[in-house]
Amino acid sequence: MTPLLLVAHGSRSGDVAGSLASAVAARSGLDVRLAYADVRGPTVAETVADLPHAVVVPAFLAAGHHVRRDLPAQLAAAGAGAFPVTRAIGPDPLLASAALDRLREAGWRHGDAVVLAAAGSADAVALGQVRQAARQLQVAIGRRVRVGFAASAAPRVDALVAGLRAAGEERVAVASWLLAPGAFADRVAACGADVVSAPLGTHPGVVDTILARYERALAQPAA
(Lines give C-alpha, C1' and ligand atoms only; values in the text may rest on other atoms or scores of the structure.)
Protein backbone atom coordinates (compact mmCIF):
# COMPACT_ATOMS: atom_id res chain seq x y z
CA MET A 1 0.00 0.00 0.00
CA THR A 2 1.02 3.61 -0.51
CA PRO A 3 2.93 4.91 2.51
CA LEU A 4 1.58 7.83 4.52
CA LEU A 5 4.05 10.62 5.21
CA LEU A 6 2.95 12.62 8.23
CA VAL A 7 4.58 16.05 8.39
CA ALA A 8 4.55 17.91 11.71
CA HIS A 9 6.01 21.24 12.76
CA GLY A 10 8.79 20.12 15.11
CA SER A 11 9.89 21.80 18.35
CA ARG A 12 8.31 20.24 21.47
CA SER A 13 5.56 18.66 19.36
CA GLY A 14 7.99 15.87 18.44
CA ASP A 15 6.96 13.35 21.10
CA VAL A 16 3.27 13.77 20.31
CA ALA A 17 3.91 13.61 16.57
CA GLY A 18 5.79 10.35 17.00
CA SER A 19 3.00 8.90 19.12
CA LEU A 20 0.45 10.08 16.57
CA ALA A 21 2.33 8.42 13.71
CA SER A 22 2.45 5.19 15.71
CA ALA A 23 -1.27 5.39 16.45
CA VAL A 24 -2.10 5.91 12.76
CA ALA A 25 0.06 2.93 11.81
CA ALA A 26 -1.51 0.73 14.50
CA ARG A 27 -5.04 1.68 13.44
CA SER A 28 -4.49 1.23 9.70
CA GLY A 29 -1.60 -1.17 9.16
CA LEU A 30 -0.03 1.44 6.87
CA ASP A 31 3.63 2.24 6.48
CA VAL A 32 3.62 5.61 8.26
CA ARG A 33 6.68 7.83 8.07
CA LEU A 34 7.22 11.01 10.07
CA ALA A 35 9.04 14.17 9.02
CA TYR A 36 9.24 17.71 10.32
CA ALA A 37 8.79 20.94 8.40
CA ASP A 38 10.96 22.95 10.77
CA VAL A 39 13.18 22.95 13.87
CA ARG A 40 14.10 19.25 14.09
CA GLY A 41 14.69 16.15 12.00
CA PRO A 42 14.15 13.98 10.19
CA THR A 43 13.47 16.58 7.54
CA VAL A 44 11.09 16.12 4.66
CA ALA A 45 14.02 15.66 2.29
CA GLU A 46 15.60 12.98 4.49
CA THR A 47 12.35 11.08 4.82
CA VAL A 48 11.36 11.04 1.15
CA ALA A 49 14.84 9.95 0.03
CA ASP A 50 13.86 6.24 0.13
CA LEU A 51 10.18 6.67 -0.74
CA PRO A 52 9.22 6.21 -4.40
CA HIS A 53 5.73 7.41 -3.57
CA ALA A 54 3.67 8.53 -0.57
CA VAL A 55 0.60 10.50 0.41
CA VAL A 56 1.69 13.53 2.42
CA VAL A 57 -0.58 14.59 5.30
CA PRO A 58 0.32 17.88 7.03
CA ALA A 59 -0.36 17.48 10.77
CA PHE A 60 -1.30 21.13 11.24
CA LEU A 61 -4.60 22.52 12.54
CA ALA A 62 -4.67 25.25 9.89
CA ALA A 63 -3.05 25.82 6.51
CA GLY A 64 -0.58 28.56 7.35
CA HIS A 65 2.83 29.33 5.90
CA HIS A 66 4.35 25.91 6.63
CA VAL A 67 1.56 24.05 4.86
CA ARG A 68 1.03 26.29 1.86
CA ARG A 69 4.61 27.36 1.15
CA ASP A 70 7.33 25.54 3.10
CA LEU A 71 6.10 21.99 2.61
CA PRO A 72 5.54 22.19 -1.17
CA ALA A 73 8.93 23.86 -1.55
CA GLN A 74 10.66 21.16 0.51
CA LEU A 75 8.99 18.37 -1.45
CA ALA A 76 9.93 19.99 -4.75
CA ALA A 77 13.54 20.48 -3.66
CA ALA A 78 13.69 16.80 -2.66
CA GLY A 79 12.33 15.65 -6.02
CA ALA A 80 8.99 14.63 -4.52
CA GLY A 81 6.92 17.45 -5.94
CA ALA A 82 4.51 14.96 -7.51
CA PHE A 83 3.60 13.34 -4.18
CA PRO A 84 -0.06 14.07 -3.41
CA VAL A 85 -0.41 16.46 -0.46
CA THR A 86 -3.67 16.55 1.45
CA ARG A 87 -5.04 19.65 3.09
CA ALA A 88 -4.10 20.28 6.71
CA ILE A 89 -5.91 18.09 9.20
CA GLY A 90 -7.74 21.09 10.64
CA PRO A 91 -10.35 22.35 10.65
CA ASP A 92 -12.57 19.27 10.61
CA PRO A 93 -15.75 18.22 12.44
CA LEU A 94 -13.92 15.17 13.79
CA LEU A 95 -11.39 17.46 15.43
CA ALA A 96 -14.15 19.68 16.80
CA SER A 97 -15.62 16.59 18.45
CA ALA A 98 -12.19 15.74 19.82
CA ALA A 99 -11.87 19.27 21.24
CA LEU A 100 -15.25 18.85 22.95
CA ASP A 101 -14.09 15.54 24.45
CA ARG A 102 -11.01 17.25 25.83
CA LEU A 103 -13.22 20.00 27.29
CA ARG A 104 -15.42 17.43 29.00
CA GLU A 105 -12.34 15.71 30.43
CA ALA A 106 -11.18 19.07 31.84
CA GLY A 107 -14.49 19.80 33.58
CA TRP A 108 -16.53 21.88 31.11
CA ARG A 109 -20.17 22.34 32.09
CA HIS A 110 -23.17 23.29 29.97
CA GLY A 111 -23.61 27.03 30.28
CA ASP A 112 -19.89 27.83 30.50
CA ALA A 113 -18.65 30.55 28.18
CA VAL A 114 -16.33 28.81 25.71
CA VAL A 115 -13.20 30.07 23.99
CA LEU A 116 -11.25 28.17 21.33
CA ALA A 117 -7.57 28.95 21.90
CA ALA A 118 -5.15 28.58 18.98
CA ALA A 119 -1.48 29.35 18.60
CA GLY A 120 -2.00 32.38 16.37
CA SER A 121 -0.63 33.32 12.98
CA ALA A 122 0.06 36.27 10.73
CA ASP A 123 -1.56 34.30 7.90
CA ALA A 124 -5.13 35.39 7.15
CA VAL A 125 -6.06 31.98 5.68
CA ALA A 126 -4.93 30.18 8.83
CA LEU A 127 -6.85 32.62 11.06
CA GLY A 128 -9.98 32.09 9.00
CA GLN A 129 -9.65 28.34 9.41
CA VAL A 130 -9.39 28.70 13.18
CA ARG A 131 -12.63 30.66 13.13
CA GLN A 132 -14.17 27.89 11.04
CA ALA A 133 -13.07 25.40 13.71
CA ALA A 134 -14.77 27.56 16.34
CA ARG A 135 -18.01 27.44 14.36
CA GLN A 136 -17.75 23.65 14.17
CA LEU A 137 -17.24 23.44 17.94
CA GLN A 138 -20.13 25.85 18.42
CA VAL A 139 -22.45 23.43 16.60
CA ALA A 140 -21.37 20.63 18.92
CA ILE A 141 -21.76 22.74 22.09
CA GLY A 142 -24.87 24.69 21.17
CA ARG A 143 -23.46 27.99 22.39
CA ARG A 144 -21.30 30.69 20.84
CA VAL A 145 -17.61 29.88 20.79
CA ARG A 146 -15.21 32.80 20.69
CA VAL A 147 -11.64 32.60 19.37
CA GLY A 148 -8.51 33.65 21.23
CA PHE A 149 -4.84 33.30 20.40
CA ALA A 150 -1.68 32.59 22.36
CA ALA A 151 0.46 34.81 20.10
CA SER A 152 0.71 36.59 16.74
CA ALA A 153 -2.98 37.52 16.49
CA ALA A 154 -5.74 39.22 18.42
CA PRO A 155 -7.59 38.85 20.69
CA ARG A 156 -5.16 37.21 23.07
CA VAL A 157 -6.80 34.41 25.00
CA ASP A 158 -6.03 35.86 28.43
CA ALA A 159 -7.56 39.22 27.48
CA LEU A 160 -10.62 37.48 26.06
CA VAL A 161 -11.11 35.45 29.23
CA ALA A 162 -10.78 38.59 31.36
CA GLY A 163 -13.31 40.38 29.15
CA LEU A 164 -15.82 37.56 29.50
CA ARG A 165 -15.51 37.69 33.28
CA ALA A 166 -15.98 41.46 33.24
CA ALA A 167 -19.11 40.95 31.12
CA GLY A 168 -20.59 38.74 33.86
CA GLU A 169 -19.79 35.19 32.75
CA GLU A 170 -19.60 33.02 35.86
CA ARG A 171 -17.36 30.33 34.34
CA VAL A 172 -15.11 30.37 31.30
CA ALA A 173 -13.87 27.21 29.61
CA VAL A 174 -11.02 27.25 27.09
CA ALA A 175 -10.67 24.55 24.44
CA SER A 176 -7.08 24.15 23.28
CA TRP A 177 -6.86 24.16 19.49
CA LEU A 178 -3.33 22.78 19.73
CA LEU A 179 -1.89 19.37 18.95
CA ALA A 180 0.84 19.18 21.54
CA PRO A 181 2.32 20.66 24.71
CA GLY A 182 4.75 23.52 24.35
CA ALA A 183 5.08 27.27 24.79
CA PHE A 184 1.67 28.01 23.28
CA ALA A 185 -0.06 25.40 25.44
CA ASP A 186 1.66 26.86 28.50
CA ARG A 187 0.31 30.32 27.65
CA VAL A 188 -3.18 28.96 27.13
CA ALA A 189 -3.03 27.09 30.44
CA ALA A 190 -2.14 30.35 32.22
CA CYS A 191 -5.00 32.36 30.67
CA GLY A 192 -7.06 32.51 33.87
CA ALA A 193 -10.02 30.38 32.75
CA ASP A 194 -11.87 28.03 35.08
CA VAL A 195 -11.32 25.13 32.68
CA VAL A 196 -8.53 24.68 30.14
CA SER A 197 -8.48 21.50 28.11
CA ALA A 198 -5.42 19.52 27.12
CA PRO A 199 -4.09 19.66 23.55
CA LEU A 200 -5.74 17.27 21.09
CA GLY A 201 -2.70 14.98 21.04
CA THR A 202 -3.42 11.41 19.96
CA HIS A 203 -7.17 11.57 20.44
CA PRO A 204 -8.88 9.00 18.17
CA GLY A 205 -10.53 11.86 16.29
CA VAL A 206 -7.10 13.12 15.23
CA VAL A 207 -6.12 9.64 14.00
CA ASP A 208 -9.41 9.32 12.12
CA THR A 209 -8.93 12.71 10.49
CA ILE A 210 -5.44 11.83 9.28
CA LEU A 211 -6.67 8.56 7.80
CA ALA A 212 -9.64 10.29 6.16
CA ARG A 213 -7.27 12.76 4.47
CA TYR A 214 -5.09 9.87 3.26
CA GLU A 215 -8.01 7.84 1.91
CA ARG A 216 -9.50 10.85 0.12
CA ALA A 217 -6.16 11.54 -1.57
CA LEU A 218 -5.93 7.94 -2.79
CA ALA A 219 -9.44 8.16 -4.19
CA GLN A 220 -8.57 11.19 -6.31
CA PRO A 221 -7.80 10.42 -9.97
CA ALA A 222 -4.18 10.85 -10.94
CA ALA A 223 -3.40 14.22 -12.49
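Residues numbered from 1 in each chain as written. Predicted model: local features only at pLDDT ≥ 70, side-chain atom pairs only at ≥ 80, totals over all residues. Heavy atoms only, no water.

A.B. asks: When you look at the overall build of the protein in this model, what are you seeing that I'm missing?
C.D. replies: Scanning the protein for helices and strands turns up eight helices and seven strands. Expressed as lengths along the three principal axes of its C-alpha atoms, the size of the protein is roughly 60 × 30 × 30 Å. Across the 223 residues of the protein, 52% fall into the buried class. In the protein, the proportion of contacts linking residues at least 24 apart, taken out of those at least 6 apart, comes to 74%. Counting only carbon and sulfur atoms, one obtains 54% of the accessible surface of the protein, whose full area is about 9,800 Å². Side chains of the protein carry 21 positive and 18 negative charges; the gap between the two charge centres is 6 Å. (Helix = DSSP H or I, 4+ residues; strand = E, 2+ residues; numbered from the N terminus. Buried < 20%, exposed > 50% of the residue type's maximum accessible area, 1.4 Å probe, protein only. Contact = heavy atoms within 4.5 Å. Areas by Shrake-Rupley, 256 points an atom, 1.4 Å probe, with all protein chains shown as cover. Lys, Arg positive; Asp, Glu negative; His and termini not counted. Charge placed at Lys NZ, Arg CZ, Asp CG, Glu CD.)

A.B. asks: Before we go on, may I ask you to explain the sheet that holds strand E2 (residues 32–36) in this structure?
C.D. replies: The three strands lie next to each other as E2-E1-E3, forming an open sheet whose pairing is parallel. The open sheet is flanked by E2 and strand E3 (55–58), the only strands paired with a single partner. Taken pair by pair, the neighbouring strands of this sheet meet at an average axis angle of 25°, ignoring direction. In this fold helix H3 (residues 65–77) packs onto strand E1 (4–8), E2 and E3, with an angle of close to 150° to the strand it touches most, E3. Running over the sheet, helix H8 (residues 204–219) touches E1 and E3 and is turned about 145° from E3. (Pairing = 2+ DSSP bridges. Axes fitted to C-alpha atoms, helices over the stretch in contact; angles between N-to-C directions.)

A.B. asks: Just to check I follow, could you spell out the side chain of serine 197 for this structure?
C.D. replies: Its place among the elements puts serine 197 in the loop between strand E7 (195–196) and H8. Assessed through its relative accessible area of 5%, serine 197 is described here as buried. Look past the residues within four positions of serine 197 in its chain and what remains in contact with it is Arg102, Leu103, Ala106, Val174, Ala175 and Ser176.

A.B. asks: Could you clarify how one ought to interpret H3 in this entry?
C.D. replies: Each turn of an α-helix holds 3.6 residues, which means side chains three or four residues apart point in the same direction. Taking 1.5 Å of rise per residue, 13 residues should cover 18 Å, and H3 covers 17 Å from first to last C-alpha, within 8% of that figure. The largest bend along H3 reaches roughly 25° and is located at leucine 71, with the proline proline 72 sitting one to four residues downstream. Buried within H3 are the following residues: His66, Val67, Asp70, Leu71 and Leu75. Against the buried residues of H3 lie E1, helix H2 (44–48) and E3. (Expected span 1.5 Å × (residues − 1). Bend = angle between axes of the 7 residues up to and from the residue.)

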